[in-house]
Amino acid sequence: VKQREEAVHSYAITMSSTNVKRGKIILFGDSITQMSFSAADCGWGAWIADRYQRRADVLNRGFSGYNSDWFLKFAATDEGKADLFDHDNVKIVTVFFGANDASDLELNPRHHVSLERYKSNM
């Protein structure tokens, strides 16, 4: 036990004195991404965070109900730019939009995004 405590202490000192910055993984998307950290559902975002623990910080930027148009509008604001893009040492980015965009134009015009506009948004 004492060896383990010394090893942990040594690691902590090394990490704090070398200014090591962990990589970041950013998950962009709709509710599928937002709910990806659900431990109850064994979410894929939680799985990534577990897989990369101590090597990268996983940031969830999932927005329930958003389509690609709404995401881009938010991304164009100062708040959106800071929240979404003001991160250093980003190693991996996922982009999962399309579930809301693919809504039927007649049944759900609020979320529908045409295929051409969706392609352009991506």
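In this text, all values refer to a predicted model and were calculated from it rather than measured experimentally. (Residues numbered from 1 in each chain as written. Predicted model: local features only at pLDDT ≥ 70, side-chain atom pairs only at ≥ 80, totals over all residues. Heavy atoms only, no water.)

Caption draft 1: Quick peek at the overall build of the protein. For the protein, the count of helices and strands is six helices and three strands. In the protein, the order of α-helices and β-strands from amino to carboxyl end is α-β-α-α-β-α-α-β-α. Scored against the burial criterion, the 122 residues of the protein give a buried share of 30%. In the protein, the share of contacts with a sequence separation of at least 24, taken over all contacts with a separation of at least 6, comes to 68%. Split by element, the accessible area of the protein, about 8400 Å² in all, is 55% carbon and sulfur. (Helix = DSSP H or I, 4+ residues; strand = E, 2+ residues; numbered from the N terminus. Buried < 20%, exposed > 50% of the residue type's maximum accessible area, 1.4 Å probe, protein only. Contact = heavy atoms within 4.5 Å. Areas by Shrake-Rupley, 256 points an atom, 1.4 Å probe, with all protein chains shown as cover.)

Caption draft 2: Structural view of unusual backbone geometry. The backbone of C42 shows a phi angle near 50 degrees, a positive value even though the residue is not glycine. Take C42: it is sitting in the loop between α2 (31-34) and α3 (44-51).

Caption draft 3: Broad picture of the nonpolar core. Counting nine residues, the largest nonpolar core consists of I26, F28, L59, F63, F71, F74, A75, L84 and F97. For this core, the elements supplying multiple residues, two or more each, are β1 (23-29) and α4 (68-75). Counting residues per element, this core draws most heavily on α4, which supplies three residues. Ignoring sequence-local partners within four residues, the contact set of L59 consists of K24, I25, I26, L27 and H87. With five residues, the next largest nonpolar core counts I25, L27, I48 and A56 among its residues. (Core = buried A, V, L, I, M, F, W, Y, C linked by side-chain atoms within 4.5 Å.)

Caption draft 4: Inspection of the packing of α4 against helix α5 (residues 78-85) at higher detail. Look at α4 against α5: their axes get within 6 Å of each other, and the N-to-C directions meet at 100 degrees. If you check the angle between α4 and α5, you find them roughly perpendicular. Residue-level contacts link F71, F74 and A75 of α4 to E79, G80, K81, D83, L84 and F85 of α5. Residues of the contact of α4 with α5, tallied by class, amount to five nonpolar, one polar and three charged. (Axes fitted to C-alpha atoms, helices over the stretch in contact; angles between N-to-C directions. Parallel < 35°, antiparallel > 145°, perpendicular 65-115°, else oblique. Nonpolar A, V, L, I, M, F, W, Y, C, P; charged D, E, K, R; others polar.)

Caption draft 5: Seen up close, the pattern of salt bridges. Using the criterion set out here, one finds five salt bridges in the structure. Here D83 and R61 are joined by a salt bridge, their closest N and O atoms 3.0 Å apart. Within this pair, whereas D83 is found in helix α5, its partner R61 is found in strand β2 (residues 56-62), the two being separated by 22 residues in sequence. Salt bridges linked by common partners bring K21, K24 and D88 together as one network. (Salt bridge = Lys/Arg side-chain N within 4 Å of Asp/Glu carboxyl O.)

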